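Read off the chains here:
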Amino acid sequence: MTNLDDTTTAKLDEFVLARLAEDEERVRAGELSLIDEAERRGRLRIMYADDGDGLLLAGGPVEAMEDRHPVPFAEKAEFLRREIRDVHDDNSVKLIASVYEAHPDWRDEWRP
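Now for a quick tour of the structure. (Residues numbered from 1 in each chain as written. Predicted model: local features only at pLDDT ≥ 70, side-chain atom pairs only at ≥ 80, totals over all residues. Heavy atoms only, no water.)

1. Re the pairing of strand β1 (residues 44–48)
So, step 1. Note that β1 and strand β2 (residues 55–59) share five bridges and pair antiparallel. Counterpart to R45 in the pairing with β2 is A58.
So, step 2. Joining the antiparallel neighbours β1 and β2 is a turn of six residues, in which G52 adopts a positive phi near 80 degrees. (Pairing = 2+ DSSP bridges. Helix = DSSP H or I, 4+ residues; strand = E, 2+ residues; numbered from the N terminus.)

2. Description of the side chain of D13
So, step 1. Looking at the secondary structure, you find D13 in helix α1 (residues 4–28).
So, step 2. Buried within the structure, D13 lacks any salt-bridge partner; its nearest side chain of opposite charge belongs to R85, at an N-O separation of 8.2 Å.
So, step 3. In this view, D13 contacts I84, H88 and V93; residues no more than four positions away in its chain are not counted. (Buried < 20%, exposed > 50% of the residue type's maximum accessible area, 1.4 Å probe, protein only. Lys, Arg positive; Asp, Glu negative; His and termini not counted. Salt bridge = Lys/Arg side-chain N within 4 Å of Asp/Glu carboxyl O. Contact = heavy atoms within 4.5 Å.)

3. Examining the packing of aromatic side chains
So, step 1. Throughout the structure, instances matching the rule amount to three aromatic pairs.
So, step 2. Ring geometry for W106 and W110: centres 6.0 Å apart, planes at 80 degrees, overall edge-to-face. The same class applies to W106 as to W110, namely buried. (Phe/Tyr/Trp six-rings, centres within 6.5 Å; stacked < 30°, edge-to-face > 60°.)

Remember that the coordinates give geometry; whether it matters functionally is a separate question.
What follows is the structure in structure tokens.
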């Protein structure tokens, strides 16, 4: 028997992974990704860890330290995919999904 929560989680994961693929297409076309746009608006921040070992995802506006460097989109996309597939922290995935809430497949239950 399939657990309803597992089905909901799988649909959320599929939604975010598909939107990341669309963002990659935007970047290839020379456009700004929706993830980058969300960072500019202060909805979330993807940054290098202080110890230089990996990336971190934070919700809301986060003041960047002077020595932090912007993360290229390709690194962000790879990091976010790993977070979704390997870890799936529900709050983090919902935060990422919220960037794409204008998409017609968005569901209100995914709101962080």
